[in-house]
Amino acid sequence: MTETTRRAVMFGAGGAGLAAVLTACASYGVPTTQAEVEQPAQEPSSDAPESDAPKKQGESKAKALADTSDIPEGGGKVFENQKIVVTQPTAGEFKAFSAVCTHQGCTVAGVSNKTINCPCHGSKFSIADGSVAAGPAGSPLEEKPINVDGGKIRLA
Ligand code: FES
């Protein structure tokens, strides 16, 4: 019984090898659907590590919101796409806040006279800490952590 089983296993393995050879011959001689599918499937997987690397580099670059020189001292700048406002309340001190007004969710439009200003109903927020300087908003803009390094401002 044991020997029969062993033979069956060996024969089975030999059969599998033979099948592989036959498949290889078939795909070599006649272009089969299977061979056509296998070849393109291998190419993207070998390219995958290469395409991943540039993406990671691009992501880290994309995180830079602005150069410090873009942000005026005593003022700030709204980044509408990121919904972030970056301010420089005092020389060399940078802050970032959500640009979404806490009143009814409009995006703040700009920074002037040391306040971040919402165009919808006139709320104003301090550039120093996002606190409400004028209503109707009742709560401050959410502060966002940032890193300032090498003249670049990035979200932390
Ligand atoms: S949504 Fe900004 S003041 Fe109303």
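Reading guide: rules and limits
Residues numbered from 1 in each chain as written. Predicted model: local features only at pLDDT ≥ 70, side-chain atom pairs only at ≥ 80, totals over all residues. Helix = DSSP H or I, 4+ residues; strand = E, 2+ residues; numbered from the N terminus. Contact = placed C-beta atoms within 7 Å. Pairing = 2+ DSSP bridges. Axes fitted to C-alpha atoms, helices over the stretch in contact; angles between N-to-C directions. Core = buried A, V, L, I, M, F, W, Y, C linked by C-beta atoms within 7 Å. Buried ≥ 20, exposed ≤ 12 C-beta atoms within 10 Å, placed from the backbone.

Chemist: Please explain the overall build of the chain as it appears in this structure.
Modeler: Summing up its helical and strand segments, the chain has 2 helices and 11 strands in all. Ordered by position in the sequence, the α and β elements of the chain form the string α-α-β-β-β-β-β-β-β-β-β-β-β. Contacts spanning at least 24 positions in sequence make up 35% of the contacts within the chain whose residues lie at least 6 apart.

Chemist: What is the right way to read the sheet that holds strand β7 (residues 124-126) from this model?
Modeler: Remark on secondary structure: sheet strands pair via backbone hydrogen bonds, oriented parallel or antiparallel. A sheet is described by the order of its strands in space; here 4 strands give the open sequence β5-β6-β7-β8, paired in antiparallel fashion. Since the sheet does not close on itself, it has two edges, and those belong to β5 (110-112) and β8 (132-134), each with one partner. Between one strand axis and the next, the sheet turns by 35° as a mean value, whatever way the strands run. As paired elements, strand β6 (residues 115-117) and β7 share 3 bridges and run antiparallel to each other. Residue pairing across strands places Ile116 opposite Phe125, the latter belonging to β7.

Chemist: What's the story with the nonpolar core in this structure? I'm lost.
Modeler: Considering soluble globular proteins, one finds that nonpolar side chains tend to be buried as a cluster. One finds Ile84, Val85, Val86, Ala96, Phe97, Val108 and Ile116 to be the most contacted residues of the largest nonpolar core, which totals 18 residues. Here this core gets 3 residues from one element, more than from any other, and that element is strand β3 (residues 84-90). Sequence-distant contacts of Ala96, defined by excluding residues within four places in its chain, comprise Ile84, Val85, Val86, Lys144 and Ile146.

Chemist: Help me out: how do you make sense of the pairing of strand β2 (residues 76-79) in this one?
Modeler: The two faces of a sheet get side chains in turn, since along a regular strand they alternate between them. Bridge analysis of β2 against β3 gives 4 bridges, and the strand direction is antiparallel. By the bridge assignment for β3, Val78 is matched with Val85.

Chemist: Help me understand the pairing of β3 in this model?
Modeler: Among the 7 residues that make up β3, 5 are buried, leaving the element largely enclosed by the rest of the structure. Examined bridge by bridge, β3 and strand β4 (residues 93-98) share 5 bridges and lie antiparallel to one another. Bridge pairing links Val86 to Ala96 in β4. Linking two consecutive strands that pair antiparallel, namely β3 and β4, is a turn of 2 residues; a positive phi of about 80° is found at Gly92 within it.

Chemist: Before we go on, may I ask you to explain the environment of Leu155 in this structure?
Modeler: On the secondary structure map, Leu155 appears in strand β11 (residues 152-155). Between the alpha carbons of Leu155 and Ala96 there is a distance of 8.4 Å; along the sequence they are 59 residues apart.

Chemist: Quick question: what am I supposed to make of the sheet that holds β11 here?
Modeler: Here 3 strands make up an open sheet; going across it, the order is β1-β11-β10 and the pairing antiparallel. Two strands bound the open sheet, and with one partner strand each, they are β1 (64-67) and β10 (146-149). Averaged over all adjacent pairs, the angle separating strand axes in this sheet is 25°, with direction ignored. Sheet topology note: the β1/β11 ladder contains 3 bridges and is antiparallel. Bridged to Asp67 within β11 is Lys152.

Chemist: I keep staring at unusual backbone geometry and nothing clicks. Help me out?
Modeler: Leaving glycine aside, a negative phi is the common case for residues, and trans is the common case for peptide bonds. Along the chain, Gly135 connects to Pro136 via a cis peptide bond; the corresponding omega equals 15°. Structurally, the position occupied by Pro136 is in the loop between β8 and β9 (143-144). Positive phi outside glycine occurs at Lys83, with the angle close to 55°. Take Lys83: there are 14 C-beta atoms within 10 Å of it, and that puts it in the partly exposed class. Despite not being glycine, Asn113 shows a phi value in the positive range, around 50°.

Chemist: Whenever I open this one, the environment of Ala134 confuses me. Can you help?
Modeler: Its place among the elements puts Ala134 in strand β8. Apart from the residues within four sequence positions on either side, Ala134 is in contact with Gly122, Ser123 and Lys124.

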